[in-house]
Amino acid sequence: MGVFEKGFEKAMEWIYPSNIYCISCGSIIDNSRDYALCDSCMQRFHWLGEKTCQKCGKILSPDYRNPLCWDCRTFDHEFDRGFTCVQYGLYERGLLMDYKYRGKAYIGRKLGDALYDRMSLEEETFDLLVPVPMHRKKQARRGYNQADIMARRMSRRSGIPCAPGLLQRRRETLPMKGLGPFERYENLRGAFSVSPQNHYPIEGKRILLIDDIYTTGSTADACSLALREAGAGRVCVVSFACGANIPPKQ
Ligand SMILES: [Zn+2]
Ligand SMILES: [Zn+2]
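Calculation notes
Residues numbered from 1 in each chain as written. Chains lettered and ligands numbered in written order. Predicted model: local features only at pLDDT ≥ 70, side-chain atom pairs only at ≥ 80, totals over all residues. Heavy atoms only, no water. Core = buried A, V, L, I, M, F, W, Y, C linked by side-chain atoms within 4.5 Å. Buried < 20%, exposed > 50% of the residue type's maximum accessible area, 1.4 Å probe, protein only. Helix = DSSP H or I, 4+ residues; strand = E, 2+ residues; numbered from the N terminus. Contact = heavy atoms within 4.5 Å. Axes fitted to C-alpha atoms, helices over the stretch in contact; angles between N-to-C directions. Parallel < 35°, antiparallel > 145°, perpendicular 65-115°, else oblique. Left-handed = near helix turned anticlockwise from the far one by under 90°. Pairing = 2+ DSSP bridges. Nonpolar A, V, L, I, M, F, W, Y, C, P; charged D, E, K, R; others polar. Patch = residues over 30% accessible without salt bridge, like charges linked within 9 Å, V, L, I, M, F, W, Y side chains within 5 Å. Areas by Shrake-Rupley, 256 points an atom, 1.4 Å probe, with all protein chains shown as cover. Salt bridge = Lys/Arg side-chain N within 4 Å of Asp/Glu carboxyl O. Lys, Arg positive; Asp, Glu negative; His and termini not counted. Charge placed at Lys NZ, Arg CZ, Asp CG, Glu CD. Donors = N, O, S within 2.8 Å, 3.2 Å for Na, K, Ca; no water. Tetrahedral: all angles 85-135°; square planar, octahedral: opposite > 155°, others 65-115°. Phe/Tyr/Trp six-rings, centres within 6.5 Å; stacked < 30°, edge-to-face > 60°.

Novice: So what's going on with the nonpolar core? Residues and values would help.
Specialist: The biggest cluster of nonpolar side chains holds 37 residues, and the ones touching the most others in it are Tyr99, Leu111, Leu115, Leu208, Ile210 and Phe240. Where this core is concerned, the elements lending two or more residues are strand E2 (81-87), helix H4 (90-101), helix H5 (107-120), helix H7 (146-158), strand E6 (206-214) and strand E7 (234-242). Non-local contacts of Ile210, meaning those with residues more than four positions away in its chain, are made with Leu115, Leu129, Val130, Pro131, Val132, Ala147, Met150, Ala151, Met154 and Val238. Phe79, Val130, Ala222 and Cys223 belong to the second largest nonpolar core, which has 29 residues in total.

Novice: I'd like a description of the packing of H5 against H7, backed by residues and values.
Specialist: Running from N to C, H5 and H7 cross one another at 50°; their axes reach a closest spacing of 7 Å. In terms of their interaxial angle, H5 and H7 are classed as oblique. The two elements H5 and H7 meet at a crossing, and its hand is right-handed. Taking contact as the criterion, the partners of Gly108, Arg109, Leu111, Gly112, Asp113, Leu115, Tyr116, Asp117 and Met119 in H5 are, on H7, Ile149, Met150, Arg153, Met154, Arg157 and Ser158.

Novice: Before we move on, can you summarise the pairing of strand E3 (residues 128-131) with the specific residues and values?
Specialist: Of the two faces of E3, the one lined by Leu128 and Val130 and the one lined by Leu129 and Pro131 are each fully buried. Judged from the 4 bridges that link them, E3 and E6 form a sheet pairing that is parallel. Residue pairing for E6: Val130 is matched across the bridge by Leu209.

Novice: I'd love a proper account of the packing of H4 against H5, names of residues and values included.
Specialist: Between H4 and H5, the least distance of the axes is 9 Å, while the angle of their chain directions is 130°. Taken together, the axes of H4 and H5 are oblique relative to one another. Side by side, H4 and H5 meet where Leu95, Leu96, Asp98 and Tyr99 of the first sit next to Ile107, Gly108 and Leu111 of the second. The class makeup of the residues in the contact of H4 with H5 is 5 nonpolar, 1 polar and 1 charged.

Novice: Let's hear about a positive patch on the surface: which residues, and what values?
Specialist: On the surface, Arg136, Lys137, Lys138 and Arg141 cluster together into a patch of positive charge. Topologically, Arg136 is positioned in helix H6 (residues 136-142). Looking at Arg136, the relative accessible area reads 64%, which means it is exposed.

Novice: Now, about the coordination of the zinc ion (ligand 1): what can you tell me, with residues and values included?
Specialist: Coordination of the zinc ion (ligand 1) by the protein comes from Cys22 (SG), Cys25 (SG), Cys38 (SG) and Cys41 (SG), over a distance range of 2.3 Å. One can describe the donor arrangement at the zinc ion (ligand 1) as tetrahedral, given that its 4 donor atoms subtend angles of 106 to 116° at the metal. Taken in chain order, the donor set of the zinc ion (ligand 1) reads C-x2-C-x12-C-x2-C. Of this pair, Cys22 sits in the loop between helix H1 (3-15) and helix H2 (39-44) while Cys38 sits in the loop between H1 and H2, and the two are 16 residues apart along the sequence. The same class applies to Cys22 as to Cys38, namely buried.

Novice: Break down unusual backbone geometry for me, citing the residues and quoting the values.
Specialist: A negative phi holds for most residues other than glycine; trans holds for most peptide bonds. Phi is positive for Tyr35, close to 55°, though the residue is something other than glycine. If you trace the backbone, Tyr35 turns up in the loop between H1 and H2. Of note, the phi angle at Ala36 is positive, near 55°, even though the residue is not glycine. Tracing the backbone through its elements, the reader meets Ala36 in the loop between H1 and H2.

Novice: Can you explain the packing of aromatic side chains? Please cite residues and give values.
Specialist: Using the criterion set out here, one finds 6 aromatic pairs in the structure. Ring plane angle 85° and centroid distance 6.4 Å describe the contact between Trp47 and Phe240, whose orientation is recorded as edge-to-face. Placement of Trp47 in strand E1 (residues 46-47) and of Phe240 in strand E7 is noted, with a sequence separation of 193 residues between them. Relative accessible area serves as the criterion here: at 28%, Trp47 is assigned to the partly exposed category. Both rings, one in Phe79 and one in Tyr214, keep their centres 6.1 Å apart while their planes meet at 85°; by these two values the pair is edge-to-face.

So, in structure tokens, the structure goes:
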């Protein structure tokens, strides 16, 4: 960890001491709470259950009778496997909105802890953590990339190096819904690329992409495509929240 990251974490701890207020509802908590969430918020969140999609990791209901979610039954992905912690609902949405749009960057460390715990349940090992990049201008407006903070925290916990800036976002991707297979491919292709300044070896490496939310997987696919083209051996993606498993419209 570089001097900047250490300084950043220290400053954040000073401004927003962790484990005093619940990061979701703001009520006072003691310092034994996981992810600085109070008991009620812990219960309100839709945490991972027994069943998840074997490809993208989306949370499946106990009565759903297929190993793959509706999306993954319909089309394939560019990444090998996906993992997630919670299903996106009202409270999860509120927390992520606070994190991304209300300047509460300190939430990222707690989400990074959740990602670390989620990946501890898996046999997978990785050589490198790569946060999904934001467009340069958007990041400049927000002041931080939410995925960077989560990835740095996870790197600190796991000891796996983190490479923010390895990928760059060249343009926004179109929504994937309603696009045919070829349009989908064209839409993804070239949206992300490996930065010319990257000095991390990629060839044959096992890479874990980090993002705050997984919905259709279009962003994860676009990033995975860029990493594969650069020779990555295995690419997985972990996000804090995933969208619900919804059947395709007829
Ligand atoms: Zn709470
Ligand atoms: Zn799936």
